[in-house]
Amino acid sequence: MFALCGPSLLDHSAASLFRLLLLAPLLEECIVRAGLQEWLTRRPSPTVLVLGLPALAFSLLHLMSGAQAMAAVFLPGLAFGLIYRRWRDWRLCALVHALCNGVALGFCSFSIYF
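Residues numbered from 1 in each chain as written. Predicted model: local features only at pLDDT ≥ 70, side-chain atom pairs only at ≥ 80, totals over all residues. Heavy atoms only, no water.

> Tell me about helix H4 (residues 67-87), and please be specific about residues and values.
For H4, built from 21 residues, the straight-helix expectation of 30 Å at 1.5 Å per residue is met to within 8% by its first-to-last C-alpha distance of 30 Å. For H4, the principal kink sits at Phe-74 and spans about 30°; a proline, Pro-76, occurs within the next four residues. Of all the residues in H4, the buried ones are Ala-69, Met-70, Val-73, Gly-77, Phe-80, Gly-81, Ile-83 and Tyr-84. Positive phi shows up at Arg-88, right after H4, with a value of about 50°. (Helix = DSSP H or I, 4+ residues; strand = E, 2+ residues; numbered from the N terminus. Expected span 1.5 Å × (residues − 1). Bend = angle between axes of the 7 residues up to and from the residue. Buried < 20%, exposed > 50% of the residue type's maximum accessible area, 1.4 Å probe, protein only.)

> Explain the state of the cysteines residue by residue, including any values.
Tallied over the entire structure, the rule returns one disulfide. In this model Cys-5 forms its disulfide with Cys-108; the gap between the sulfur atoms is 2.1 Å. The sign of the S-S torsion, about -80°, decides the handedness of the disulfide formed by Cys-5 and Cys-108: left-handed. Of the two residues, Cys-5 sits in the segment before helix H1 (7-10) while Cys-108 sits in helix H5 (residues 90-111), which places them 103 residues apart along the sequence. When its relative accessible area of 2% is taken as the criterion, Cys-5 is described as buried. The class for Cys-108 is buried, based on a relative accessible area of 2%. (Disulfide = S-S within 2.5 Å.)

> Just give me the short version of the layout of surface pockets, but keep the residues and values in it.
Any empty space left between the atoms is revealed when a probe the size of a water molecule rolls over them. Empty space within the largest pocket amounts to approximately 760 Å³. Every residue lining the largest pocket is counted, 30 residues in all, and those nearest its centre are Leu-9, His-62, Val-73, Asn-101 and Ala-104. Tallying contributions element by element places H5 first for the lining of the largest pocket, with seven residues. Residues of the lining of the largest pocket, tallied by class, amount to 22 nonpolar, six polar and two charged. (1 Å grid on protein atoms, 1.4 Å probe; cavity = no way out; pocket = protein on both sides within 12 Å on 5 of 7 lines; lining within 4 Å. Points joined across faces, edges and corners; volume = space filled by probe spheres on them. Nonpolar A, V, L, I, M, F, W, Y, C, P; charged D, E, K, R; others polar.)

> Give me the pattern of salt bridges: which residues, what numbers.
Once the charged atoms of two side chains with opposite charge are near each other, the side chains can pair. Throughout the structure, instances matching the rule amount to four salt bridges. Here Arg-33 ties to Glu-29 by a salt bridge, and the two come within 2.8 Å at their closest N and O atoms. In this pair, Arg-33 and Glu-29 both sit in helix H2 (residues 14-41), four residues apart, roughly one turn of the helix. The two residues Arg-33 and Glu-29 agree in class, both being buried. Measuring nitrogen to oxygen at the nearest pair gives 2.6 Å for the salt bridge that ties Glu-38 to Arg-88. In this pair, Glu-38 is assigned in helix H2 and Arg-88 in the loop between H4 and H5, connecting sequence segments 50 residues apart. In this structure Arg-88 comes out as partly exposed when scored by relative accessible area, which is 43%. A single salt-bridge network, built from bridges that share partners, covers Glu-38, Arg-42 and Arg-88. (Salt bridge = Lys/Arg side-chain N within 4 Å of Asp/Glu carboxyl O.)

These figures come from the coordinates and say nothing about function on their own.
The structure is reproduced here in structure tokens:
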């Protein structure tokens, strides 16, 4: 449990909540979707590369949280990529990312009592 609910998801300070619910989603999605995925989309690249490489980059951004956390965010990274592919709006991806972080915060907060 601790591997997925690491210190950042167990810290409910204002700074941590700001980082998890606003700063990280905005910066990560701006870099990964509006940057890398958009760049790949504009080139003759196979779909697996256009979706897979940004999802891998998204996972690598979570390297400091450990291998289990990196693996856990790969599928959401693919989902955010599909959202970006459909609507081409990285801000929508950031919103969904923030909602996912909120769900993770709630899950980790709830699970420490059981």
